[in-house]
Amino acid sequence: MVAPREIVSAHSPDSDDAFMFYGLATKKVRSSKVTFRHVLADIETLNRCAMEGQYDLSAISYHAYPYVADKYVLMASGSSIGDGYGPMVIASRPMEPDELKGKRIAVPGTLTTAYLACKLCQPDFEPVVTPFDKITDAVRERSVDAGLIIHEAQLTFDREGFHRIIDLGRWFKSTYDLPLPLGGNVLLRSLHPEIRSECCRLMRESIQYALDNRDEALQYALQFARDMEPRLAEKFVGMYVNHYTLDAGDVVPRAVQKLLDLGFEAGLVPNRVQVEFVR
């Protein structure tokens, strides 16, 4: 009998990723062909690691895909999609979106999809790379004029006294009539096709298991919610783990292609890439 192949699987320590990977991380979903070892890191770190082909399976920002497409193929399961909502630019005072021109904006990394969407929406600003969980602090301390927030801060910014200047998911939907594809999972092209297809099956089953066993999966995911109250964490998971996460269908590939084509045409993405999803 052949020993199962260990798959090193990297994702961010966030409640929505934890929810998706719940079935695999707790071995509720398993396989005789592969086992999973989980590595946790923030998304910008994972984007950089993917450039080196460091992990068998990794979460990445869709913005990073053109930089890693030679090594990785996209998985049809595991996408985080903002359908009419998404990362936001916030400030400590009300502003019109065009007032962001020339301003210093704290961003969570230049390979994040949030950064790409922000540059497409407002090309002229000075990015200040800041750890994603320190962006609201930077805005509060006035070391920047505005901040580009991802993850749970999208649900808590207003109670901290900040003002939303732009919701990039809403902007993308109203401009292109497509959801904003934020992050997805990739698999090494060098993996045997049978192993790739097994990973895709397991990823889909892990997401389905979490959706079918929502309460227990949420309890697990709350460990990764950075002290967020359960009601908000549940809302956040509901926003980013949905039918698009289970399977990208044809809408997500279309949205990713549009986003990356726009990035290439604006000179923000180095090469035109044809998106490729596997199941």
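Check the entry above for the structure.
Residues numbered from 1 in each chain as written. Predicted model: local features only at pLDDT ≥ 70, side-chain atom pairs only at ≥ 80, totals over all residues. Heavy atoms only, no water.

Asker: I'd like a description of the pairing of strand β8 (residues 126-129), backed by residues and values.
Answerer: Two elements, strand β7 (residues 104-107) and β8, share four bridges in a ladder whose sense is parallel. Along β8, the bridge assignment pairs A106 with V128. (Pairing = 2+ DSSP bridges. Helix = DSSP H or I, 4+ residues; strand = E, 2+ residues; numbered from the N terminus.)

Asker: Mind laying out the packing of aromatic side chains, listing which residues take part and the relevant values?
Answerer: Per the stated rule, a full pass over the model turns up ten aromatic pairs. With centroids separated by 6.4 Å and ring planes inclined at 45°, the aromatic side chains of Y62 and F277 adopt a geometry described as tilted. One end of the pair, Y62, is in the loop between β3 (57-61) and α4 (65-68); the other, F277, is in strand β12 (residues 277-278), with 215 residues separating them in the sequence. For the pair Y62 and F277, one class covers both residues: buried. The rings of Y22, Y209, Y220 and F224 are connected pair by pair, giving a single aromatic cluster. (Phe/Tyr/Trp six-rings, centres within 6.5 Å; stacked < 30°, edge-to-face > 60°. Buried < 20%, exposed > 50% of the residue type's maximum accessible area, 1.4 Å probe, protein only.)

Asker: Outline the pattern of salt bridges, supporting the account with residue identities and numerical values.
Answerer: Scanning the model with the defined rule gives 19 salt bridges in all. Two residues, E6 and R37, come together in a salt bridge whose shortest N-O distance is 3.3 Å. Of this pair, E6 sits in strand β1 (residues 5-11) while R37 sits in strand β2 (residues 34-40), placing them 31 residues apart in sequence. Looking at R37, the relative accessible area reads 41%, which means it is partly exposed. (Salt bridge = Lys/Arg side-chain N within 4 Å of Asp/Glu carboxyl O.)

Asker: For the state of the cysteines, give the residues involved together with the corresponding values.
Answerer: This model, assessed by the stated rule, comprises zero disulfides. Not part of a disulfide, C118 finds its nearest cysteine sulfur in C121, a span of 6.6 Å. In this structure C200 is not part of a disulfide, and its nearest cysteine sulfur, from C199, lies 7.0 Å away. With a relative accessible area of 7%, C200 lands in the buried category. (Disulfide = S-S within 2.5 Å.)

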